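Spelled out, the chains give:
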Amino acid sequence: MSAHLSYGRVNLNILREAARKELREFLDKCAGSKAIVWDEYLTGPFGLIAQYSLLKEHEVEKMFTLKGGRLPAADVKNIIFFVRPRLELMDIIAENVISEDKMHSPRDFHILFVPRRSMLCEQRLKEQGVLGSFINIDEYILDLIPYDGDLLSMESEGAFRECYLESDQTSLYHTAKGLMTLQALYGTIPQIFGKGECARHVANMMLRMKREFAGSQTQILPVFDSLLLLDRNIDLLTPLATQLTYEGLIDEVYGITNGYAKLPPEKFAAQKKQGEVGKDLPTEPKKMQLNSAEELYAEIRDKNFNAIGAALSKKAKIISAAFEERHNAKTVGEIKQFVSQLPHMQAARSSLANHTSIAELIKDITSEKNSLYSFSFHVQLTTLHSSFIYLFYLYLTRQVTSEAFFDNLTVEQEFMTGVDTDKVNTYIEDCIAQKDPLIKILRLVCMQSVCNNGLKQKILDYYKREILQTYGYEHMLTLNNLEKTGLLKPQTSTRNNYPTIRKTLKLWMEDANEQNPNDISYVYSGYAPLSIRLTQVLARPGWRSIEEVLKMLPGPHFEERQQLPAGLHKKRQQGENRTTLVFFLGGVTYAEVAALRFLSQMEDGGTEYIIATTKLINGTSWIKSLMDRPEAP
């Protein structure tokens, strides 16, 4: 289940095992049969650490979602609440405990706060008169969760809002603690680089914690050569843009939560046998796990969507050829060898069918509905013919031409290249008039503002008035929030630094090669994410070459060195790559992750990257986190 976590440059399974060990120890404190009552938000992150089988081994017999009223019936000795430290959740827990006490149930109650224990929450339980009912009150420090072989996330959904809107540094403290845990398992990180106010705070906390635990340093040879801390607000543009990698588009269209996507079921129904199609069609969304444990997904997830057709076509040919090999198996040994390979081949066929269906789902949204090649992608891999593959290839490699999608993309790219950012955009006006989704409007207006270093007061007021009159005055708070975080702001000076930053860092590349990329700009079909370009320049030739640009971006840039214990200095072999941990404070997109993976794979790159973040985001989830009255999904 977790083997893919140990395939990369850094074995992230070590971190997962440490988290599992701590969970087992807590469960064993509560002797006897158990029922866990989950804060619903935590079920996803915990699913990445431990499956139900582990809980069952430690006498967990029932699991419920935390909700008001009485707890469901369960013949167990222990009730354990797994919750975030939120006051509103304490009121629900108190309601549960009081209703159980009225029933005179002889049960022991326990509470596990994730990721930190909270005095305020305990005080609330005391006020509700139930604090004394708990045998164990503990904390489970789940800071960094291994998502994939090169990806860690804290899954802190409010981190950007807390840091940049509410000036709450709690998530920064959790980040520093998470990085200290990482250093305890993988050795001290010798060099720390950073850009931004939050990055500076995290580095300071890490250095202070290191001084406080100076005598208890682990004698581990460092796995990481350096740490780069990046504030999300040094690059507000990238998350607003539409991601154009396969994984990025799945996230944009359907959302990926804790490594799973919920997809419309109708395309997958077509994978049934011919006689079953149309019978008992599923109505529930198809939940698919998306990580590098699946060979095909690992191969295609970071490709630009326009390169997916060729990749799937190539895979179809390989699988078809593999199945044809059965005709060449003459001897018992050859037949036995073919049979032994069959499970892997069938899994590959199923995987290809699934990703063909996903590609078609995305194509339905990003390309014309009435396509000449609009046919069902029911892949009969055992009888694939070259004509089918050709049509398949044609269909998937056509340019993204849906009018709405294409128009939106065109406006984004105009803003990113500095075209007409200083005037009211007619496309945005039309979208407001048609009452398109508010988040789409906000993403575009914020992008225009960021690319223009703010909007003229007259233009800003016009956009605000149009939005409030069309979508309701309750969104005034949201507009204020966007202004406070710097996403939507009035122009305070005539100087716009963005064109200088764009030219110096080569953020826009004409004729980006989407099929065989030679630059990170392929992830947005021309735009190179600022955050990743900074990472690339740091590795070679270094930030001193772009001092002037760094001064134009918010917050300080810095370098710190951590002293290594004697004998633990790494001796690098000739040609051996450096390993850098890049930590995004406030969120990272899948397209940025893809760009970093691209840099890791460059032959002359010299650096391999492990990515960590407070949260995996896209433009929609990011803007939603700043809305005081988010739209209904």
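Residues numbered from 1 in each chain as written. Predicted model: local features only at pLDDT ≥ 70, side-chain atom pairs only at ≥ 80, totals over all residues. Heavy atoms only, no water.

Going by the annotation in an unreviewed UniProt entry, the name recorded for the protein chain is Vacuolar protein sorting-associated protein 33A, with Oncorhynchus kisutch given as the source organism. In its Sequence similarities (unreviewed entry) section, UniProt records this for the protein chain: "Belongs to the STXBP/unc-18/SEC1 family." (UniProt positions renumbered as here; feature names shortened; annotations may be inferred.)

We now examine the overall build of the protein chain. The helix and strand inventory of the protein chain stands at 25 helices and 15 strands. Of all 633 residues assigned to the protein chain, the portion counted as buried reaches 55%. Sequence separation of 24 or more characterises 79% of the internal contacts of the protein chain that already satisfy a separation of 6 or more. (Helix = DSSP H or I, 4+ residues; strand = E, 2+ residues; numbered from the N terminus. Buried < 20%, exposed > 50% of the residue type's maximum accessible area, 1.4 Å probe, protein only. Contact = heavy atoms within 4.5 Å.)

What follows deals with helix H8 (residues 197–212). In this model, H8 (16 residues) spans 23 Å end to end at C-alpha, consistent with the 22 Å of a helix rising 1.5 Å per residue. For H8, the elements touching its buried residues are helix H6 (159–164), helix H7 (170–186), strand S8 (191–195), strand S9 (226–231), strand S13 (557–561) and strand S14 (578–585). (Expected span 1.5 Å × (residues − 1).)

Right, let's get into the pattern of salt bridges. Applying the stated rule across the entire model yields 37 salt bridges. Between Glu-17 and Arg-20 there is a salt bridge, with the nearest N and O atoms lying 3.5 Å from each other. Separated by three residues within a single helix, Glu-17 and Arg-20 lie in helix H1 (residues 13–29), roughly one turn from each other. For Arg-20, a relative accessible area of 13% gives the class buried. The residue Glu-25 makes a salt bridge to Lys-21 at a minimum N-O spacing of 3.0 Å. Taken together, the residues span about one helical turn, with Glu-25 and Lys-21 both in helix H1 at a distance of four residues. Overlapping salt bridges bring together Asp-148, Asp-150, Glu-247, Arg-301, Asp-302 and Arg-597 as one network. (Salt bridge = Lys/Arg side-chain N within 4 Å of Asp/Glu carboxyl O.)

Quick look at the pairing of strand S4 (residues 108–113) now. For S4, the tally of buried residues reaches five of six residues, placing the bulk of the element in the interior. Bridge count between strand S3 (residues 78–83) and S4: six bridges; the pairing is parallel. Each bridged residue has a counterpart across the sheet, and for Val-83 the counterpart in S4 is Phe-113. For the crossover that starts at S3, traverses helix H4 (residues 87–102) and ends in the parallel S4, the hand is right-handed. A crossover connection joins S4 to the parallel strand S5 (residues 134–139) through helix H5 (residues 119–127); in handedness this β-α-β unit is right-handed. (Pairing = 2+ DSSP bridges. Right-handed = clockwise from strand over helix to strand, strands pointing away.)

As a further point, take unusual backbone geometry. The bulk of non-glycine residues show a negative phi, and the bulk of peptide bonds are trans. Look at the link from Val-114 to Pro-115: it is a cis peptide, with omega at 5°. By the element assignment, Pro-115 lies in the loop between S4 and H5. Looking along the chain, the bond that leaves Arg-540 and enters Pro-541 is cis, with omega of 10°. Mapped onto the fold, Pro-541 is located in the loop between helix H22 (530–539) and helix H23 (547–552). Phi is positive for Ser-167, close to 50°, though the residue is something other than glycine. Inspection of the secondary structure puts Ser-167 in the loop between H6 and H7. Despite not being glycine, Lys-506 shows a phi value in the positive range, around 50°. Relative to the helices and strands, Lys-506 resides in the loop between helix H21 (498–504) and H22.

Turning next to the sheet that holds strand S11 (residues 260–263). Pairing in this open sheet of three strands is antiparallel, and the strands run S10-S11-S12 from one edge to the other. Only two strands of the sheet have a single neighbouring strand rather than two, namely strand S10 (256–257) and strand S12 (286–289). The pairing of S11 with S12 spans four bridges and is antiparallel. The residue bridging Leu-263 from the neighbouring strand is Lys-286, located in S12.

With that out of the way, let us pick up the pairing of strand S1 (residues 34–38). Both faces of the sheet carry side chains from a regular strand, because those side chains alternate between them. Counted residue by residue, S1 has five buried out of five residues, so it is predominantly covered. Of the two faces of S1, the one lined by Lys-34, Ile-36 and Trp-38 and the one lined by Ala-35 and Val-37 are each fully buried. Bridge count between S1 and S3: five bridges; the pairing is parallel. Paired with Ile-36 across the strands is Ile-80, a residue of S3.

Per the counting criterion, the structure on display carries 16 aromatic pairs. Here the basic side chain of Arg-200 rests over the ring of Phe-558, its NZ or CZ set 4.1 Å away from the ring centre. The lysine or arginine in question, Lys-287, covers the ring of Tyr-260, its NZ or CZ lying 4.7 Å from the ring centre. (Phe/Tyr/Trp six-rings, centres within 6.5 Å; stacked < 30°, edge-to-face > 60°. Lys NZ or Arg CZ within 6 Å of the ring centre and 35° of its normal.)

Of all hydrophobic cores here, the largest spans 165 residues; its most connected members are Leu-229 and Leu-487. Ranked by the residues each element gives to this core, the list is headed by helix H18 (residues 438–451), at ten residues. The residues touching Leu-229, leaving out its near neighbours within four places in the chain, are Leu-179, Ile-192, Phe-193, Gly-194, Lys-195, Ala-199, Val-202, Ala-203, Phe-583 and Leu-585. If you look at the next biggest cluster of nonpolar residues, it comprises 23 residues, including Val-37, Phe-81, Met-90 and Phe-134. (Core = buried A, V, L, I, M, F, W, Y, C linked by side-chain atoms within 4.5 Å.)

Further remarks concern helix H10 (residues 246–253). Most of H10 is tucked away, with seven of its eight residues classed as buried. Among the residues of H10, those classed as buried are Tyr-246, Glu-247, Gly-248, Leu-249, Ile-250, Asp-251 and Glu-252. Directly beyond the C-terminal end of H10, a positive phi value near 85° is found at Gly-255.

Further remarks concern the side chain of Asp-143. The topology assignment puts Asp-143 in the loop between S5 and strand S6 (145–148). A distance of 3.2 Å separates the side chain of Asp-143 from the side chain of Arg-116, its partner in a polar contact. If we ignore the near neighbours within four places in the chain, the residues touching Asp-143 are Pro-115, Arg-116, Ser-153, Met-154, His-174, Lys-177 and Gly-178. (Polar contact = N/O pair within 3.5 Å; in protein donor to acceptor, adjacent residues only side chain to side chain.)

This brings us to the packing of helix H17 (residues 426–433) against H18. Their axes nearest at 10 Å, the elements H17 and H18 cross at an angle of 160°. With respect to H18, the axis of H17 lies roughly antiparallel. Handedness of the crossing formed by H17 with H18: left-handed. Residue-level contacts link Tyr-427, Ile-428, Cys-431 and Ile-432 of H17 to Lys-440, Ile-441, Leu-444, Val-445 and Gln-448 of H18. Looking at the contact of H17 with H18, its residues break down into seven nonpolar, one polar and one charged. (Axes fitted to C-alpha atoms, helices over the stretch in contact; angles between N-to-C directions. Parallel < 35°, antiparallel > 145°, perpendicular 65-115°, else oblique. Left-handed = near helix turned anticlockwise from the far one by under 90°. Nonpolar A, V, L, I, M, F, W, Y, C, P; charged D, E, K, R; others polar.)

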